[in-house]
Amino acid sequence: MSTEHTLVRSNPPIRAVRAARGLTLRTVAQRSGIDPGHLSKVERGEKQLSIESLYRLAVVLDLRELSQLLKPYISERESA
């Protein structure tokens, strides 16, 4: 198994980005409107997010490319 693959498994991407931004799980959950328990399960790969929730999470984590890619697929109310 490659080292890169091992690193992804040991440090999930969403959690890694959140930690790199210095944000707690509760802070990100509150800002994105996602239940903290659900977000924790998403970070562990146990649950998935809706497109709308993923968009809000991308905005909170300042993932500009991802938020721009998702924007056309969400309602106008969500993107405002």
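That block above? That's the structure.
For clarity, every value in this text was computed on a predicted model and none was experimentally measured.

Considering all chains together, one arrives at four salt bridges under this definition. Linking Arg15 and Glu43 is a salt bridge whose minimum nitrogen-to-oxygen distance equals 3.2 Å. Residue Arg15 is located in helix 2 (residues 13-20), and its partner Glu43 is located in helix 4 (residues 36-43); the two are separated by 28 residues in the primary sequence. Overall, Glu43 belongs to the buried group, its relative accessible area being 4%. Here Asp62 and Arg64 are joined by a salt bridge, their closest N and O atoms 3.3 Å apart. For Arg64, a relative accessible area of 59% corresponds to the exposed category. Bridged by salt links that share partners, the residues Arg15, Arg18 and Glu43 form one connected network.

Conventions adopted
- Residues numbered from 1 in each chain as written.
- Predicted model: local features only at pLDDT ≥ 70, side-chain atom pairs only at ≥ 80, totals over all residues.
- Heavy atoms only, no water.
- Salt bridge = Lys/Arg side-chain N within 4 Å of Asp/Glu carboxyl O.
- Helix = DSSP H or I, 4+ residues; strand = E, 2+ residues; numbered from the N terminus.
- Buried < 20%, exposed > 50% of the residue type's maximum accessible area, 1.4 Å probe, protein only.

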